[in-house]
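Each chain, written out:
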Amino acid sequence: MNAGAHGEAILDRVESLTTIRGTEITVTKRAGLDYGYRRLALTPGEIVISALLQMTSGSRAEIEGRITALIAHRQKSQQVGFPNAGSFFKNMEGKEAWRLIDEAGLRGYRIGGAQVAEAHSNFLVNRGGARAADFIELSALVKEKVREQSGILLEEEVRIVGEE
Ligand SMILES: Cc1cc2nc3c(=O)[nH]c(=O)nc-3n(C[C@H](O)[C@H](O)[C@H](O)COP(=O)(O)OP(=O)(O)OC[C@H]3O[C@@H](n4cnc5c(N)ncnc54)[C@H](O)[C@@H]3O)c2cc1C
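Parameters at a glance
- Residues numbered from 1 in each chain as written.
- Predicted model: local features only at pLDDT ≥ 70, side-chain atom pairs only at ≥ 80, totals over all residues.
- Heavy atoms only, no water.
- Near = heavy atom within 4 Å.
- Polar contact = N/O pair within 3.5 Å; in protein donor to acceptor, adjacent residues only side chain to side chain.
- Helix = DSSP H or I, 4+ residues; strand = E, 2+ residues; numbered from the N terminus.
- Nonpolar A, V, L, I, M, F, W, Y, C, P; charged D, E, K, R; others polar.
- Domains from an automatic or database assignment.
- 1 Å grid on protein atoms, 1.4 Å probe; cavity = no way out; pocket = protein on both sides within 12 Å on 5 of 7 lines; lining within 4 Å.
- Points joined across faces, edges and corners; volume = space filled by probe spheres on them.
- Salt bridge = Lys/Arg side-chain N within 4 Å of Asp/Glu carboxyl O.
- Buried < 20%, exposed > 50% of the residue type's maximum accessible area, 1.4 Å probe, protein only.

Visitor: Just to check I follow, could you spell out the site of the ligand for this structure?
Guide: Among the 15 residues in the neighbourhood of the ligand, the closest are listed as Gly4, Arg38, Val48, Arg74 and Arg159. The separation between an oxygen atom of the ligand and a polar side-chain atom of arginine 159 is 2.7 Å. Mapped by element, the contributors of at least two residues to the shell around the ligand are β1 (4-5) and β7 (47-53). Broken down by class, the residue content of the shell around the ligand amounts to seven nonpolar, three polar and five charged. Each of domain 1 (4-53) and domain 2 (77-150) contributes no fewer than three residues to the shell around the ligand.

Visitor: Before we go on, may I ask you to explain the layout of surface pockets in this structure?
Guide: Over the atoms rolls a probe the size of a water molecule, and in doing so it shows where empty space is left. Taken as a whole, the largest pocket spans an internal volume of roughly 750 Å³. Along the wall of the largest pocket there are 20 residues; nearest its centre are Glu8, Arg13, Arg66, Ile67 and Leu70. Residue assignment for the lining of the largest pocket shows that the elements contributing at least two residues are β1, β2 (8-9) and α1 (60-77). A total of seven residues in the lining of the largest pocket trace back to one element, the largest contributor, which is α1. Its residues placed into classes, the lining of the largest pocket shows ten nonpolar, five polar and five charged. Ala5, Arg38, Gln78, Ser87 and Asn91 are the residues nearest the centre of the second largest pocket, which is lined by 25 residues in total. Counting residues per element, the ones that place at least two in the lining of the second largest pocket are β1, β2 and α1. Of the residues contributing to the lining of the second largest pocket, the split by class is eight nonpolar, eleven polar and six charged. Both domain 1 (4-53) and domain 2 (77-150) contribute no fewer than three residues apiece to the lining of the second largest pocket.

Visitor: Looking at this structure, how should I read the domain arrangement of the protein chain?
Guide: Here the protein chain is described as being made up of domain 1 (4-53) and domain 2 (77-150). Here domain 1 and domain 2 have C-alpha centroids that lie 29 Å from each other.

Visitor: Explain the pattern of salt bridges here, please?
Guide: As a working rule, side chains carrying opposite charge can pair if their charged atoms are close by. Scanning all chains against the criterion turns up ten salt bridges. For lysine 90, the salt bridge identified is with glutamate 155, shortest N-O distance 3.5 Å. With lysine 90 in the loop between α1 and α2 (97-103) and glutamate 155 in the segment after α3 (132-150), this residue pair connects regions lying 65 residues apart in the sequence. A relative accessible area of 16% means that lysine 90 is categorised as buried. The closest approach of N and O atoms between lysine 143 and glutamate 156, which form a salt bridge, is 3.1 Å. Pair noted here: lysine 143 is in helix α3 and glutamate 156 is in the segment after α3, with a separation of 13 residues, a long-range link. Where salt bridges share partners, they join Glu8, Arg13 and Arg66 into one cluster.

Laid out in structure tokens, this is it:
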């Protein structure tokens, strides 16, 4: 899904990707990959088995400083305190999903055990005993209210598996 953060994503660093489908192994250079924001097109059943990464060199102290600062930022902004699946919706049209959800007044909104986290409104958390249906209902409500408020239809970043 081309995970990323802070303006960079893993596929920016990938030189080539090796996948297997059935017994067929394919090596594809980055230019040949169909990918984008939180998206990599693979054919059904195609599995990534390795990747060649191109790194850039830099000063150790500078790199370590950046890592420490980013981890601290993440711990501060994403310390939601309850089980969650990370960012629930993708950022859309250059607008951060958490801001759109906030503007729709949904920070802290709860359905059953599922809640829009108080600490970060793009995290849906399990406050205890949440059912899959609570999350599905809450995410549908978030999409509806955000569309009413901003005209933007949010798309899930998480993949819902096993529910219609
Ligand atoms: C607290 C938290 C914070 C997060 N923060 C971020 C963030 O900042 N940025 C971000 O981008 N994401 C973030 N995520 C989401 C995370 O990056 C994704 O959930 C990630 O894809 C998980 O990978 P996995 O291998 O652990 O999960 P899995 O569930 O194993 O895989 C995720 C998907 O990839 C497929 N897949 C797994 N392995 C392969 C393979 N070898 N070949 C082909 N398909 C495969 C699976 O079928 C599934 O659809 C966060 C998640 C959490 C819980």
